[in-house]
Amino acid sequence: MADIIEGKTLSRSILAEVSSRAAAAASALGRKPSLAIINYYADSPSAIYVKRKMTACAAAGIETRLLMPDEAKGKEHFFGLLRELGADAGTDAIMVERPLPPGFDVPEAWELLDPAKDPDALSTLNMGRLFLAKTWREIEEGGSFVPCTALAVVKIMRHAGIDPSGREIAVVGRSAIVGRPAAHMLTCLDATVTLCHSRTKDIAAVLKRAEIVVTAIGKALWLKPGMISPGATVIDVGTNIGPDGKMCGDADFAALAGTAGRITPVPGGVGPVTLACLLEAAVKAAEKRTRGEK
Ligand code: NAP
């Protein structure tokens, strides 16, 4: 049976540290660290994650402000919000939830997002800095924000004692906020990474030779036992609704239990660590402000 790599313990330990850092930042700022969340769609899955983020922030001593703009006000209104929040002395961090209305997710938006208030590294500057780094040390010493989900992938692996160095890793999914940064970070940790996507010709061969498979495609129960090599580690980023109406990952967790060596569950794997990483980054943004850093 596969070992389960659960994320809740790691999440709790990150959040415990976040709470004490938030308290220290609050005494330096004279107010709680604050995170503004922009979410356009109340009926999208992002709304569930927003609620979780707000609850976790409240428990950790971080103030949240939820903005739900009217899509009909258009792209310029969204850009205006990003400018306002960037200039607002009472806002330390800004989180923009996807999906955004059609035509809003454009480079201009990510140029406008203040890089000093950007806990998920959506801004051009933070994303650019990440991809300019060649080593993990450069990423850490650079001190910039990095995408939380990709960071959670690295953190959960390291917490489980998995050193990516020298490993053959397949990352499935090439989105700008998950797959690509995860592949890059693992490369910076000296793994040999193959980044797969929907047009990868022989994905079966790539998966079979991988010692570690990271899935981030958003397809319920897609990864099946015959697709990985026996004993491989599966890090499942996907959050989907399965045929039974319950949350599940990209990997068929139950079926893979006899094939995978180690596997993260959904829920309870990468997700809680991502949430903790976001709060950690929001506090980091507040700390940077106390030091007057950009
Ligand atoms: P996305 O932007 O929709 O990207 C999906 C990627 O998967 C694309 O690169 C796509 O390839 C690839 N893909 C789709 N079907 C494929 C297939 N059959 N074979 C190979 N590649 C395939 O998604 P995302 O925002 O990266 O999110 C991915 C998943 O992670 C979703 O389930 C999301 O809910 C979840 N997520 C979880 C967390 C967490 O904390 N656990 C955080 C964020 C996201 P093309 O580029 O060729 O289209």
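Provided above is the structure to which this section pertains.
Residues numbered from 1 in each chain as written. Predicted model: local features only at pLDDT ≥ 70, side-chain atom pairs only at ≥ 80, totals over all residues. Heavy atoms only, no water.

Caption draft 1: Summary view of the site of the ligand. For the ligand, the set of nearby residues contains 20 residues, the closest of which are R174, S175, S198, T239 and T274. S198 has a polar side-chain atom sitting 2.5 Å from an oxygen atom of the ligand. A distance of 2.8 Å separates an oxygen atom of the ligand from a polar side-chain atom of T274. With the chains in place, 70% of the 930 Å² that the ligand exposes on its own is no longer accessible. One can see that the ligand is located within the largest pocket. Residue composition of the shell around the ligand, by class: 7 nonpolar, 11 polar and 2 charged. (Near = heavy atom within 4 Å. Polar contact = N/O pair within 3.5 Å; in protein donor to acceptor, adjacent residues only side chain to side chain. Areas by Shrake-Rupley, 256 points an atom, 1.4 Å probe, with all protein chains shown as cover. 1 Å grid on protein atoms, 1.4 Å probe; cavity = no way out; pocket = protein on both sides within 12 Å on 5 of 7 lines; lining within 4 Å. Sits in = over half its atoms within 2 Å of the grid points. Nonpolar A, V, L, I, M, F, W, Y, C, P; charged D, E, K, R; others polar.)

Caption draft 2: Focus on the pattern of salt bridges. The final tally for this structure, using the stated rule, is 11 salt bridges. Two residues, E141 and R137, come together in a salt bridge whose shortest N-O distance is 3.0 Å. Of this pair, E141 and R137 both sit in helix α6 (residues 136-142), 4 residues apart, roughly one helical turn. Both residues of the pair, E141 and R137, belong to the exposed class. Each of the salt bridges in this network shares a partner with another, and the network as a whole consists of E17, R21 and E287. (Salt bridge = Lys/Arg side-chain N within 4 Å of Asp/Glu carboxyl O. Helix = DSSP H or I, 4+ residues; strand = E, 2+ residues; numbered from the N terminus. Buried < 20%, exposed > 50% of the residue type's maximum accessible area, 1.4 Å probe, protein only.)

Caption draft 3: Quick look at the layout of surface pockets. There is about 1,300 Å³ of room inside the largest pocket. Lining the largest pocket are 48 residues, with Y49, T149, V178, V237 and T239 positioned closest to its centre. For the lining of the largest pocket, the secondary-structure elements that each account for two or more residues are α2 (45-60), β4 (93-96), α7 (148-159) and α11 (270-290). In terms of residue class, the lining of the largest pocket is made up of 23 nonpolar, 15 polar and 10 charged. Counting residues domain by domain, the lining of the largest pocket receives three or more from each of domain 1 (8-130 + 272-291) and domain 2 (148-268). Considered as a void within the structure, the second largest pocket measures approximately 360 Å³ in volume. Listing elements by their share of the lining of the second largest pocket, those giving two or more residues are α6, α7 and α11. For the lining of the second largest pocket, a count of residues per class yields 10 nonpolar, 2 polar and 6 charged. (Points joined across faces, edges and corners; volume = space filled by probe spheres on them. Domains from an automatic or database assignment.)

Caption draft 4: Looking closely at the state of the cysteines. All told, the structure shown has 0 disulfides when counted by the stated rule. Left without a disulfide partner, C148 is nearest to the cysteine sulfur of C277, which lies 6.1 Å away. The class of C148 is buried, set by a relative accessible area of 2%. Among the cysteines around C188, which has no disulfide bond, C277 carries the closest sulfur, lying 16 Å off. (Disulfide = S-S within 2.5 Å.)

Caption draft 5: Representation of the sheet that holds strand β8 (residues 233-236) within the structure. Taken in spatial order, the 6 strands line up as β1-β11-β8-β7-β5-β6 in an open sheet, and their pairing is parallel. In this open sheet, the two strands that pair with only one neighbour each are β1 (3-4) and β6 (192-196). In this structure, strand β7 (residues 212-215) lies alongside β8, joined through 4 bridges in parallel fashion. Across the sheet, residue V214 finds its bridge partner in β8, namely I235. Here α7 sits on the sheet in contact with β5 (168-172), β7 and β8, set at roughly 145 degrees to β8. Against the sheet, helix α8 (residues 179-188) touches β5, β6 and β7, its axis set at about 170 degrees to β6. (Pairing = 2+ DSSP bridges. Contact = heavy atoms within 4.5 Å. Axes fitted to C-alpha atoms, helices over the stretch in contact; angles between N-to-C directions.)

Caption draft 6: Broad picture of the packing of aromatic side chains. Applying the stated criterion to the full structure yields 5 aromatic pairs. With 5.8 Å between their ring centres and 15 degrees between their planes, F78 and F104 make a pair best called stacked. One end of the pair, F78, is in helix α3 (residues 74-87); the other, F104, is in the loop between β4 and α4 (107-112), and 26 residues separate them in sequence. In this pair, the class of F78 matches that of F104, namely buried. Residues F78 and W110 carry aromatic rings whose centres are separated by 6.5 Å and whose planes lie at 75 degrees to one another, so their mutual orientation is edge-to-face. Residue F78 is found in helix α3, and its partner W110 is found in helix α4; the two are separated by 32 residues along the sequence. For W110, a relative accessible area of 9% corresponds to the buried category. What links up through ring pairs into an aromatic cluster is the set Y40, F78, F79, F104 and W110. In this structure, K284 is placed above the aromatic ring of F145, and the distance from its NZ or CZ to the ring centre is 5.2 Å. Here the basic side chain of K288 rests over the ring of F145, its NZ or CZ set 5.6 Å away from the ring centre. (Phe/Tyr/Trp six-rings, centres within 6.5 Å; stacked < 30°, edge-to-face > 60°. Lys NZ or Arg CZ within 6 Å of the ring centre and 35° of its normal.)

Purely geometric stuff here, so don't read any function into it on its own.
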